[in-house]
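# Chain and residue survey
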Amino acid sequence: MLRLFGFSLFAMLLSSSMPAQSPAAGSTSNAPISEHAQFQAIDRIVQQAIQEHAIPGAVVLIEHHRRIVYRKAFGDRSLESGTVEHPATDREAMTVDTIFDLASLTKCVATTTAMMQLMEAGRVKLNDPVAMYLPEFAQNGKSQITVRELMTHYSGLPPDLDLSHAWMGRDAAWTRVMASTPIHPPGSSFLYSDINFEALGFLIEAVTGQGLAEYAQQHIFIPLGMAHTRFLPPATWRSRIAPTQWDTDTVADGPTVDEMLRGIVHDPTARRMGGVAGHAGVFSTADDLAIFADDLMHTHRILSASSVAKMSTPQQPANAASLRGLGWDIDSPFASNRGDFLPVGSFGHTGFTGTSLWMDPVTDTTIILLTSAVHPDGHPQHAGTSIVSLRTRLATAVVPLLDLTVSEQQKLALARITGYNDTLMAERRIADRNGHVRTGIDVLEADGFRELHPNPMHPVRVGLITNQTALDEHGHRSVDVLAQAPGLKLTAIFSPEHGFAGRLDTTAISNSTDAATGVPIYSAYGVTDAARRPTTSQLDRVDVLVYDIQDVGVRYYTFETTLGYFLEAAAQAHKPILVLDRPNPLTGSIVQGPISDPGSESFVNYTSLPVRHGMTVGELARYDNAIRRIHAALTVVAMQGWMRGDWYDATGLLWTNPSPNLRSLPEATLYPGIGLIESSNISVGRGTDSPFEVLGAPWIDPQKLATALNARAIPGIRFLPLRFTPTEATYKGELCGGIQMIVTDRASLDAPELGMEIAAMLYRLYPQQYKLASVDTLLRSHTTLQELEAGEDPRRIAEDWQDEDANFLEQRTPYLLY
């Protein structure tokens with residue numbers, strides 16, 4: 001997921017077709033900016049919500065291309081005043097300069113902005129444990145919770161502090177935040193929690209030596225000229241503030257404010273903390289929020305463009321269904337204010353009181369909705385409209401009103417910047433589909449082999465790199481298809497690891513002859529590097545090389561190195577090479593795992609890639625050919641009908657075991673994690689009926705390991721204790737205790753992280769027996785190994801991979817075919 005390349009690219013894209021205009025934010029006139037008929041739909045949506053008593057009134061502001069195109073107040077700011085015992089009807093008309101309690105928008109406008117400023121200054125690091133800055137935070141299982149996990153709501157902490165007991169003041173809140181206990185394993189799942197941002201508020205204060213309110217005022221609100229934005233609004237603002245509800249907190253250890261909350265923060269936790277908290281407490285106007293949004297998307301006075309891009313693009317674990325930036329929402333169950341049409345790549349947040357801010361850098365649009373939906377009693381009575389549906393309907397209506405059409409060029413830029421687009425997001429969410437995919441060999445046949453330039457008078461001599469997986473849609477071997485093609489002459493076959501038939505688990509694979517065609521088979525696998533490359537004499541027999549092998553989409557699978565070696569051989573021999581594309585069985589929409597260290601190349605690490613790279617074999621060939629500067633005369637025959645989100649079982653293609661111990665798609669799904677740690681002293685089930693679905697060793701207690709791993713709540717997988725005796729490979733003939741792995745949600749499973757979870761747990765439970773260092777044979781990430789040896793939490797380790805994987809997503813984009 002790309003997170004490093006930000007709005008500078010968006011700015012270049014937009015400026016090429018759209019004139020820059022000066023912002024109009026800051027006006028305080030009560031008159032609406034536009035009464036054009038095109039906006040009557042917005043008027044109707046808001047008025048309906050008022051008529052149905054969902055809200056008393058609202059202010060709506062829409063900015064497009066740095067110009068406020070709509071700014072209007074509706075309904076009433078206040079309906080009641082007085083005290084709980086003696087309420088009084090006190091209607092005040094809403095005005096566009098009304099000041100609102102932003103509630104959870106505080107998390108983004110104040111706390112997230114401050115955190116990003118501290119990161120820019122190098123005073124805080126995103127993947128650092130919070131306890132590095134707040135040592136007291138380490139208690140009760142929180143020592144490994146990172147800043148990233150707080151900012152993305154993946155800490156596992158409860159939604160809020162316990163308010164059922166009497167407490168009051170910042171210090172009391174500090175004690176409770178520091179003593180809080182995760183209710184889910186940190187990093188395992190998304191749980192929206194105010195405690196996350198309460199802790200971040202304390203972190204800001206600890207690092208800067210300033211109170212959060214003082215810091216925000218000095219470094220955010222004053223520099224931007226947000227004159228009516230602050231914590232703890234002064235009494236002189238009271239008449240312009242939209243009241244929220246009656247103060248009903250009778251448990252707090254202090255005097256109950258028996259009156260309508262107006263200028264006093266609505267959130268009860270923030271109120272007990274004195275009105276200043278990292279999760280709530282800021283008051284502001286629509287005009288000030290427009291200034292803030294304009295700065296994020298254009299002027300970058302308080303945050304650099306790269307910081308804005310960082311916080312507004314996906315930062316949650318790679319396997320998560322909900323997309324969260326740092327503080328900001330992108331595409332989660334809480335993103336109601338995104339509407340139905342604004343693209344992934346836009347971002348925003350809401351506040352419980354009824355506030356909402358959403359920004360779309362692709363169409364250069366900001367939508368602000370401010371209302372006090374909790375007024376007067378916190379329980380609005382409505383017939384059909386809620387504040388959630390109002391946000392959705394408003395954002396949805398804006399798109400056709402402003403004709404916010406996203407061009408294909410903009411979509412491409414968006415995909416490159418975020419690593420996501422709406423199509424890709426849809427593909428990631430497809431549980432299954434009944435597709436019909438035609439592989440490269442099928443397309444080549446349908447094209448009459450024209451990519452090979454057949455010549456009946458002088459048949460083109462073809463050398464085919466292949467194995468048992470190369471079948472066309474009729475079940476015919478690619479060997480036979482090419483041998484029988486007019487104008488072509490199959491003169492050589494090259495076989496990878498496991499041999500031409502894919503049944504051998506040895507390096508002693510000799511040359512042979514295909515019985516059906518009589519064509520010589522040259523083994524491209526052996527003990528030495530030379531034995532894995534074609535010889536000059538072998539290449540002299542061919543005019544063109546053709547590669548047709550089903551890959552498994554994992555960096556250390558040796559077929560990928562064989563592909564690289566033949567690209568090199570083709571370039572050196574000045575022979576063209578044709579790659580017949582086949583699906584990545586694990587989809588092309590997910591990238592996971594550490595990128596191998598440069599300089600660690602080997603036969604199981606041809607190129608520095610993430611463990612799960614999300615490319616088809618044809619795309620990988622294009623990538624290797626360019627990145628490694630091989631300069632082979634490469635042609636890829638693309639598939640037809642394949643979608644990036646397709647797992648292999650969505651393609652309609654026959655499963656053929658790519659190697660002897662990958663016998664099913666579930667095994668291939670686990671392979672990027674279990675294969676990653678196979679080089680350590682464990683059995684991964686070779687010599688059983690379920691290789692890569694079981695794991696064990698004679699010294700493992702099955703119940704102990706299964707219980708410990710299940711307690712980690714790793715998304716998408718469960719563990720069963722079992723014993724097994726492998727008939728080959730590691731611990732052949734020995735009874736092993738271990739686990740069986742049951743994939744419960746393959747879309748949520750991060751297999752490389754799973755490998756690290758298992759390795760870390762084995763090292764913790766069996767430090768004398770488990771040989772952790774040996775995982776580096778396939779891991780090839782020195783930093784990751786060091787972190788494992790130091791006892792770092794695997795989820796925190798996986799966070800370190802995210803920026804590298806983000807860079808890779810950008811780097812691979814030019815070479816994708818689908």
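Heads up: these notes are all about the structure in this document. (Residues numbered from 1 in each chain as written. Predicted model: local features only at pLDDT ≥ 70, side-chain atom pairs only at ≥ 80, totals over all residues. Heavy atoms only, no water.)

A separate point is the overall build of the protein chain. Looking only at helices and strands, one finds 24 helices and 21 strands in the protein chain. In the protein chain, which comprises 818 residues, the proportion classed as buried is 62%. Counting contacts in the protein chain only where the partners sit at least 6 residues apart, residues at least 24 apart contribute 72% of the total. (Helix = DSSP H or I, 4+ residues; strand = E, 2+ residues; numbered from the N terminus. Buried < 20%, exposed > 50% of the residue type's maximum accessible area, 1.4 Å probe, protein only. Contact = heavy atoms within 4.5 Å.)

A few words on helix H2 (residues 40–51). Across its 12 residues, H2 extends 16 Å between first and last C-alpha, which sits within 8% of the 16 Å expected from 1.5 Å per residue. Taken residue by residue, H2 has Ala41, Ile42, Asp43, Ile45, Val46, Ala49 and Ile50 as its buried positions. Just beyond H2, the residue with positive phi is histidine 53, at close to 65°. (Expected span 1.5 Å × (residues − 1).)

Scanning the model with the defined rule gives 20 aromatic pairs in all. Here tryptophan 699 and tyrosine 770 contribute two aromatic rings whose centre-to-centre distance is 6.3 Å and whose plane-to-plane angle is 50°, an arrangement assigned as tilted. Remark: tyrosine 770 occurs in the loop between helix H21 (751–765) and helix H22 (776–779) and tryptophan 699 occurs in the loop between strand S19 (694–697) and helix H20 (702–711); sequence separation between them is 71 residues. Here tyrosine 770 falls in the buried class, since its relative accessible area comes to 2%. Taken together, the ring pairs connect Tyr556, Tyr557, Phe559, Tyr671 and Phe692 into an aromatic cluster. The cationic tip of arginine 628 hangs over the ring face of tyrosine 606; the distance from NZ or CZ to the ring centre is 3.9 Å. (Phe/Tyr/Trp six-rings, centres within 6.5 Å; stacked < 30°, edge-to-face > 60°. Lys NZ or Arg CZ within 6 Å of the ring centre and 35° of its normal.)

Looking now at helix H18 (residues 617–627). For H18, a buried count of eight out of 11 residues is recorded, marking the element as mostly surrounded by other parts of the structure. Those residues of H18 that sit buried are Val617, Gly618, Glu619, Leu620, Ala621, Tyr623, Asp624 and Asn625. Turning to H18, the residues buried within the fold contact strand S16 (544–548), helix H17 (558–573), strand S17 (577–580), strand S18 (634–637) and helix H24 (794–812). Just downstream of H18, arginine 629 is the residue with a positive phi angle, here 55°.

In this section: the side chain of lysine 72. Its place among the elements puts lysine 72 in strand S2 (residues 67–82). Residue class for lysine 72 comes out buried when judged on its relative accessible area of 15%. There is a polar contact of 3.0 Å between the side chain of lysine 72 and the side chain of aspartate 43. (Polar contact = N/O pair within 3.5 Å; in protein donor to acceptor, adjacent residues only side chain to side chain.)

Right, let's get into the side chain of glutamate 568. Here glutamate 568 is to be found in helix H17. Setting aside anything within four residues of it in sequence, one finds glutamate 568 in contact with Arg533, Tyr606, Arg628 and Ile630.

To continue, consider the environment of valine 684. Residue placement: valine 684 occurs in the loop between helix H19 (665–674) and S19. Spatially, the C-alpha atoms of valine 684 and glycine 738 are 9.6 Å apart, while their sequence positions differ by 54 residues. Once residues lying within four places of it in the same chain are set aside, the contact partners of valine 684 are Ile674, Glu678, Pro691, Phe692, Val694 and Leu695.

Counting across every chain of the model gives five cavities of 30 Å³ or more. Roughly 200 Å³ of volume is contained in the largest cavity. In terms of lining residues, the largest cavity is bounded by 23 residues, among which Pro317, Ala318, Asp750, Glu753 and Ala798 are the most central. Mapped by element, the contributors of at least two residues to the lining of the largest cavity are helix H4 (147–152), H21 and H24. Within the lining of the largest cavity, the residues separate by chemical class into eight nonpolar, eight polar and seven charged. (1 Å grid on protein atoms, 1.4 Å probe; cavity = no way out; pocket = protein on both sides within 12 Å on 5 of 7 lines; lining within 4 Å. Points joined across faces, edges and corners; volume = space filled by probe spheres on them. Nonpolar A, V, L, I, M, F, W, Y, C, P; charged D, E, K, R; others polar.)

On the basis of which strands lie adjacent, the open sheet formed by three strands has the order S4-S6-S5 and antiparallel pairing. Lying at the two open borders of the sheet, with one neighbouring strand each, are strand S4 (100–101) and strand S5 (230–231). (Pairing = 2+ DSSP bridges.)

Glancing now at the environment of isoleucine 195. Within the secondary structure, isoleucine 195 sits in helix H6 (residues 194–208). Since its relative accessible area comes to 2%, isoleucine 195 is described here as buried. As for isoleucine 195 and proline 158, which are separated by 37 residues in sequence, their C-alpha atoms are 7.1 Å apart. Sequence-distant contacts of isoleucine 195, defined by excluding residues within four places in its chain, comprise Leu157, Pro158, Pro159, Asp160, Leu161, Val177 and Ser180.

Attention now goes to the nonpolar core. Of all hydrophobic cores here, the largest spans 94 residues; its most connected members are Phe719, Ile758 and Leu762. Of all hydrophobic cores here, the second largest spans 77 residues; its members include Cys108, Tyr215, Ile220 and Phe231. (Core = buried A, V, L, I, M, F, W, Y, C linked by side-chain atoms within 4.5 Å.)

So yeah, pure geometry; function would need other evidence.
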